[in-house]
Amino acid sequence: MNQLLAFRTRASNVLALQRHGALIALIALLVFGIVRYGDRFAGENLANLLADDAKFALVALGMTFVIMSGGIDLSVGSVALLGGVVAAQASGAGLVPAFGLAVLVGLALGSLNGVLIAKVRLEPFIVTLAALLGVRGLALYLSDKKAVVASGTGSFQDFGRWELLGLPVSAVFMFAAFLIGAAVLRYTAFGRTVLAVGGSEDAARLMGLPVARTKFVVYAMSGALAGLAGAFLAAQTGSVSTDTGIGWELSAIAAVVVGGTLLTGGVGSVMSTLVGVVLLQLIFNLIVFENSMGAIEISSFWESVIRGGFLLLVVLLQVKLSRRRASGGTAPA
Amino acid sequence: MTQSSPSPPLLDMRGIRKSFLGVPALAEASFQVNRGEVRALIGQNGAGKSTLIKVLTGVYKADGGTVTFDGRPVAFDSPHAAQLGGIATIYQEVNLVPYRTVTENIFLGRERRRFGLLDWRRMNAEARELLAGLDVHVDVTRPLREFSIATQQMTAIARALSFDAKLVIMDEPTSSLAEHEVSVLFDVIRRLRDSGVSVVFVSHRLDELYAVCDRVTIMRDGRTVDDRAMADISKYELVSKMIGRDLAEVRRAASRAPHQAEAAPVIEASGLELGQALRGVDVAVRSGEIVGLAGLLGSGRSETARVLFGADAPDSGEVRVDAEPVRFAVPRDAIRRGIGFSPEDRKVEGIIPQMSVRENLTLALLPRLTKAGIVDRRRQQQIVERFIERIGIKVSSADQPIRELSGGNQQKVLLARWLCMNPRLLVLDEPTRGIDVGAKQEIQSLIRELADDGLGVLFISSELEELVENADRVVVLRDGRNVAELRGDQISEERIMAAMAHGAAVEAEDGAR
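Note that the structure is a prediction, hence the values are computed from the model and not measured.

## A closer look at the overall build of chain A
No. 1: Summing up its helical and strand segments, chain A has 14 helices and four strands in all.
No. 2: With 333 residues in all, chain A has 52% of them scored as buried.
No. 3: Carbon and sulfur atoms provide 68% of the accessible area of chain A, an area that totals close to 14700 Å².

## Points about the overall build of chain B
No. 1: When its secondary structure is counted, chain B shows 19 helices and 24 strands.
No. 2: Over its C-alpha trace chain B gives a radius of gyration of 24 Å, about what one expects of a compact globule, namely 24 Å for 513 residues.
No. 3: Principal-axis analysis of the C-alpha atoms places the extent of chain B at approximately 75 × 50 × 50 Å.
No. 4: Partitioning the intrachain contacts of chain B with sequence separation of at least 6 by distance along the chain shows that 66% fall at a separation of at least 24.
No. 5: Just so you have it, chain B exposes about 21500 Å², and 48% of that area is on carbon and sulfur atoms.
No. 6: The distance from the centre of the 68 positive side-chain charges to the centre of the 73 negative ones in chain B is 5 Å.

## What to know about the confidence of the model for chain B
Residue and element names in this part refer to chain B.
No. 1: Overall, the predicted model of chain B reaches an average pLDDT of 84, with 91% of residues at or above 70.
No. 2: Averaged over each element, pLDDT in chain B is lowest for helix H9 (residues 248–253) (40) and highest for strand S3 (residues 38–42) (94).
No. 3: Note that pLDDT drops below 50 for residues 247–260; the model gives that stretch 23 contacts with residues more than four away or on any other chain.
No. 4: Contacts for the low-pLDDT stretch residues 505–513, under 50 throughout, to residues beyond four places or in other chains number 20 contacts.
No. 5: For this predicted complex, the interface confidence reaches an ipTM of 0.73, while the overall pTM sits at 0.71.

## A few points about empty space enclosed by the protein
All names here are of chain B.
No. 1: Throughout the structure, instances matching the rule amount to four cavities of 30 Å³ or more.
No. 2: Estimates place the volume of the largest cavity at around 120 Å³.
No. 3: Residue lining of the largest cavity: 14 residues in total, with Glu172, Arg205, Arg433, Gly434 and Glu463 positioned closest to the centre.
No. 4: Here the residues of the lining of the largest cavity sort into one nonpolar, seven polar and six charged.

## Focus: the interface of chain A and chain B
No. 1: Every contact between the two is made by 35 residues of chain A and, on the other side, 43 residues of chain B.
No. 2: Of the roughly 3300 Å² buried between chain A and chain B, counting both surfaces, carbon and sulfur atoms make up 61%.
No. 3: Scanning the region where chain A abuts chain B turns up one salt bridge.
No. 4: Across the pair Arg192 of chain A and Glu359 of chain B runs a salt bridge whose closest N-O atoms are separated by 2.6 Å.

## Some words on the sheet that holds strand S18 (residues 339–342) of chain B
Strand pairing in a sheet is mediated by backbone hydrogen bonds. Such pairs are either parallel or antiparallel.
Residue and element names in this part refer to chain B.
No. 1: Taken in spatial order, the six strands of this open sheet run S18-S21-S22-S15-S23-S24, and their pairing is mixed. Looking along the sheet, the strands with just one partner apiece sit at the ends: S18 and strand S24 (481–487). Within this sheet the neighbouring strands show an average axis-to-axis angle of 15 degrees, counted without direction.
No. 2: Examined bridge by bridge, strand S23 (residues 473–478) and S24 share six bridges and lie antiparallel to one another.

## A short note on the pattern of salt bridges
All names here are of chain A.
No. 1: The tally for this structure, following the rule as stated, stands at 38 salt bridges over all chains.
No. 2: With a closest N to O distance of 3.1 Å, Asp52 and Lys55 form a salt bridge. On the criterion of helical spacing, the pair formed by Asp52 and Lys55 is a turn pair, its members being three residues apart in helix H3 (residues 44–68).
No. 3: The partly exposed category is assigned to Asp52, whose relative accessible area is 37%.

## A word on a nonpolar patch on the surface
No. 1: Taken together, the side chains of Leu23, Ile27, Val31 and Val35 of chain A define a hydrophobic patch exposed on the protein surface, amounting to about 360 Å² of accessible area.
No. 2: Tracing the backbone through its elements, the reader meets Leu23 of chain A in helix H1 (residues 2–37).

## Here's the deal with the sheet that holds strand S5 (residues 72–73) of chain B
All names here are of chain B.
No. 1: Judged by pairing direction, the sheet is antiparallel, and its four strands sit side by side in the order S2-S1-S4-S5 without closing on themselves. Each of the sheet's edge strands pairs with one partner strand only, and the pair in question is strand S2 (23–33) and S5.
No. 2: Sheet analysis places strand S1 (residues 11–20) next to strand S4 (residues 64–69), joined by five bridges and oriented antiparallel. Its bridge partner lying in S4, Arg17 is registered against Gly64.
No. 3: Contacts between helix H1 (residues 49–56) and the sheet are confined to S1, S2 and S4, with S1 contributing the most and set at about 110 degrees to the helix.

## Overview of the confidence of the model for chain A
Residues and elements named next belong to chain A.
No. 1: On average, residues of chain A carry a pLDDT of 84, and 88% of them reach 70 or more.
No. 2: Taken together, the stretch residues 1–12 has pLDDT below 50 and engages in 14 contacts with residues farther than four places along the chain or on a different chain.
No. 3: Under a pLDDT of 50 for its full length, residues 326–333 has, in the predicted model, 22 contacts with residues more than four places off or in other chains.

## Observations concerning the pairing of strand S14 (residues 278–286) of chain B
Residues and elements named next belong to chain B.
No. 1: Counting buried positions along S14 gives eight out of nine residues, so the element sits mostly inside the fold.
No. 2: Note that strand S13 (residues 265–274) and S14 share seven bridges and pair antiparallel. Bridged to Glu273 within S14 is Arg279.
No. 3: Here S13 hands over to S14 after three residues, with Gly275 in that stretch at a positive phi of 50 degrees.

## Things to note about unusual backbone geometry
All names here are of chain B.
No. 1: Phi is positive for Glu28, which is not a glycine, with a value near 55 degrees.
No. 2: Mapped onto the elements, Glu28 comes out in strand S2.
No. 3: Within the chain, Asn422 stands out as a residue other than glycine whose phi angle is a positive 50 degrees.
No. 4: In this structure, Asn422 sits in the loop between helix H16 (407–419) and strand S21 (425–429).

## Side note on the packing of H3 of chain A against helix H11 (residues 211–237) of chain A
Relative orientation and spacing of two packed helices are given, respectively, by the angle between their axes and the distance between those axes.
Residues and elements named next belong to chain A.
No. 1: Relative to each other, H3 and H11 sit at 175 degrees, their axes nearing to 8 Å. Between H3 and H11, the crossing angle belongs to the class labelled roughly antiparallel. Here Ala51, Ala54, Lys55, Leu58, Val59, Leu61, Gly62, Met63, Phe65 and Val66 of H3 come into contact with H11, specifically with Val218, Tyr219, Met221, Ser222, Leu225, Ala226, Leu228, Ala229, Phe232, Leu233 and Gln236.
No. 2: Partitioned by chemical class, the residues of the contact of H3 with H11 number 17 nonpolar, three polar and one charged.

## Some words on helix H12 (residues 248–258) of chain A
Residues and elements named next belong to chain A.
No. 1: Most of H12 is tucked away: nine of the 11 residues are buried.
No. 2: Residues Trp248, Glu249, Ala252, Ile253, Ala254, Ala255, Val256, Val257 and Val258 constitute the buried set of H12.
No. 3: Positioned one or two residues after H12, Gly260 has a phi angle of 100 degrees, which is positive.

## Overview of the nonpolar core
No. 1: In terms of nonpolar packing, the biggest core is built from 178 residues, with Phe99 and Phe156 of chain A together with Ile339, Val476 and Ile496 of chain B touching the most fellow members.
No. 2: The dominant element in this core, judged by the number of residues it contributes, is H3 of chain A, at 14 residues.
No. 3: Setting aside residues up to four positions removed in sequence, Phe156 of chain A forms contacts with Ala87, Ala88, Ser91, Gly94, Leu95, Ala98, Phe99, Ala150, Ala231, Ala234 and Ala235 of chain A.

## Quick look at the environment of Leu312 of chain A
No. 1: As for its position among the elements, Leu312 of chain A is in helix H14 (residues 300–329).
No. 2: Distance in space between the C-alpha atoms of Leu312 of chain A and Leu274 of chain A is 18 Å, their sequence separation being 38 residues.

Each value, and the rule that gives it
Residues numbered from 1 in each chain as written. Chains lettered and ligands numbered in written order. Predicted model: local features only at pLDDT ≥ 70, side-chain atom pairs only at ≥ 80, totals over all residues. Heavy atoms only, no water. Helix = DSSP H or I, 4+ residues; strand = E, 2+ residues; numbered from the N terminus. Buried < 20%, exposed > 50% of the residue type's maximum accessible area, 1.4 Å probe, protein only. Areas by Shrake-Rupley, 256 points an atom, 1.4 Å probe, with all protein chains shown as cover. Rg over C-alpha atoms; globule rule 2.2 N^0.38 Å. Contact = heavy atoms within 4.5 Å. Lys, Arg positive; Asp, Glu negative; His and termini not counted. Charge placed at Lys NZ, Arg CZ, Asp CG, Glu CD. pLDDT = per-residue confidence, 0-100. 1 Å grid on protein atoms, 1.4 Å probe; cavity = no way out; pocket = protein on both sides within 12 Å on 5 of 7 lines; lining within 4 Å. Points joined across faces, edges and corners; volume = space filled by probe spheres on them. Nonpolar A, V, L, I, M, F, W, Y, C, P; charged D, E, K, R; others polar. Buried area = accessible area lost by both parts, 1.4 Å probe. Salt bridge = Lys/Arg side-chain N within 4 Å of Asp/Glu carboxyl O. Pairing = 2+ DSSP bridges. Axes fitted to C-alpha atoms, helices over the stretch in contact; angles between N-to-C directions. Patch = residues over 30% accessible without salt bridge, like charges linked within 9 Å, V, L, I, M, F, W, Y side chains within 5 Å. Parallel < 35°, antiparallel > 145°, perpendicular 65-115°, else oblique. Core = buried A, V, L, I, M, F, W, Y, C linked by side-chain atoms within 4.5 Å.

Okay, structure coming up:
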């Protein structure tokens with residue numbers, strides 16, 4: 001019995017490390033930044049960082065559910081661009097109509113992905129790759145291939161300046177969205193079904209779970225969140241350039257993976273994705289600080305290399321831990 | 001290779017210890033195989049058979065003990081090294097590449113070459129020859145996935161044989177083979193033995209052990225408990241050594257209860273047709289009745305089950321629930337009418353490996369546990385605890401991932417999944433496959449108990465003994481058609497086998513329609 005207990009404790013230690021590895025790295029980098037740069041780093045800089053992160057985080061939140069269900073959504077960057085374009089174009093009507101329109105456009109495109117994947121049973125990779133190309137073309141057509149500038153006055157422009165609880169409102173919104181996402185995953189039948197479908201679609205179907213509906217909903221949700229992310233960007237910066245959203249899908253996937261969600265589906269955590277998003281952005285932020293102190297001189301090209309290297313490191317660590325679990329944790333027959 | 005004197009065994013494993021995160025899987029296990037011998041290795045799930053084999057073949061590294069193979073101490077550090085060292089292993093699940101041809105699957109990793117290029121003609125010829133020795137005659141240039149599981153299994157065996165191994169390990173090689181394929185395999189095993197090759201044979205089917213093995217090693221709780229000549233040990237003794245207790249009680253539990261006379265059928269299917277698989281199947285199950293569905297592989301057993309559950313739609317034929325015609329588009333429709341289904345391939349279609357026992361047990365029930373989308377976790381916990389207790393599922397906690405459980409306990413979770421929904425009919429496709437004898441008896445008694453409480457059960461099994469012991473009525477299928485229906489005293493292994501093999505309805509009055 002003691003041995004069994006020891007086994008369970010050790011297994012859960014390994015699990016905890018795997019689950020919280022990204023969080024530990026995040027805390028370490030935060031402490032490093034605060035110690036090294038002091039208030040310049042801690043105060044406004046972090047608030048701005050979070051406000052900036054909000055749009056990526058929303059995309060990554062949708063992506064988390066898609067990946068947990070065993071799929072992938074490559075279209076989020078293009079959908080965000082289109083959402084930003086329509087939001088900027090409708091910005092004269094005020095914040096709520098502009099944001100609402102962006103969400104609706106995203107929802108419609110996500111639903112289209114969802115129908116093709118869940119009902120027509122096409123491969124998510126192909127469907128969303130087609131959407132990545134097609135939707136970007138649509139956005140460029142709407143924007144006439146030029147940056148779309150939001151109207152100069154009104155509630156839309158004020159969005160970026162609002163604060164709530166001492167934080168930029170977009171950051172507050174981001175935290176709220178993740179708390180809701182985590183609750184949906186843990187406490188609703190939909191959340192458990194997403195994991196079941198990602199874990200074994202055949203088994204889920206034979207259990208009578210609504211497989212098609214669940215898959216449809218995750219893509220629709222991912223589209224809506226991407227549209228909203230585009231609106232965030234438009235409101236924060238006042239304009240949407242034509243290269244918006246390029247590579248967002250990959251950053252989102254990176255954040256999801258860093259957070260410990262398995263790309264094969266069936267296992268995942270919502271809050272860890274948030275940690276992953278902030279962590280990846282923080283690395284950029286720290287490089288900027290190091291550059292500004294003159295301690296190092298790293299061009300923006302190298303930032304990408306460092307981020308890629310970091311991602312690889314995290315994945316290696318995860319694989320190592322999960323292999324250790326797999327070889328030791330399963331009951332030998 | 002040094003050739004040592006013939007007296008010492010080919011393989012001698014002594015004092016093998018292996019723990020996983022502090023939990024011992026092997027404790028001082030020993031295992032000997034003589035030259036030119038067929039050795040049975042048996043034990044319940046969790047007894048340590050697989051771990052022992054994996055230590056030998058380099059999948060795991062032992063914590064202690066010595067392995068001597070062919071006169072030399074060895075410690076293979078990978079399955080590849082073991083293969084090169086003269087040990088070939090055939091696993092229970094086919095581990096091949098489905099999209100590549102039969103030939104490629106046999107020669108992958110050591111392709112025959114000519115002038116540095118692949119010599120396809122020679123490889124195809126050798127593959128054909130190897131398979132012909134196994135009485136399998138197929139187009140070896142076709143992708144493996146086009147063939148039946150049995151042919152795939154035979155291909156795996158051919159691959160292993162082509163290594164010219166000194167020791168061939170077969171881990172439940174017969175679980176996906178039909179009767180005549182099993183007898184072909186046994187011929188191959190005997191031929192191997194006569195040519196001096198030793199075979200380790202792992203199986204849960206006792207008849208097979210007696211048919212082909214010379215000696216048996218029995219394991220329990222990570223230890224070797226006995227090593228005897230097959231001829232010196234009775235089936236009864238074998239089983240009781242394996243599970244470590246007297247069997248009288250479980251035997252009685254499995255004896256047949258008087259079966260329900262003529263209650264109205266819960267489900268009744270007639271004239272089911274589906275492509276080549278089903279060409280007119282009739283089957284009915286009454287409340288409180290266990291109906292066995294027998295037939296060789298490909299006879300349409302599993303297809304019938306899937307149609308009844310709405311997993312596949314039939315081309316034609318009618319299904320009636322409570323005398324009312326139904327058309328199930330998806331399994332959910334069948335579940336709503338009170339039908340549960342435990343699929344043949346537990347690992348792929350049954351469990352969701354990463355999820356906990358709690359989740360696996362209650363996923364199908366979620367719609368009824370949910371208010372406004374929110375899961376009532378307290379009720380969920382109560383239900384899970386009740387069924388773990390009632391069915392006797394061995395778990396450390398409800399949160400344990402189901403993949404960590406033994407096959408028997410996984411199957412119990414799957415049964416509980418349906419039982420907590422109060423079904424009227426359970427369709428069980430090979431519910432005891434790959435499960436040790438003790439758990440098997442427990443599951444069979446549980447099924448009988450449930451039937452006595454009024455549940456209808458359609459019980460599919462390739463083990464005739466199991467059907468004879470448990471079923472009130474047995475429907476035999478052959479090539480997608482009913483060929484016989486046996487009830488009560490008519491049910492015997494011989495009659496079922498005759499119907500499966502020859503399609504003759506024997507002298508059963510209630511035979512094929």
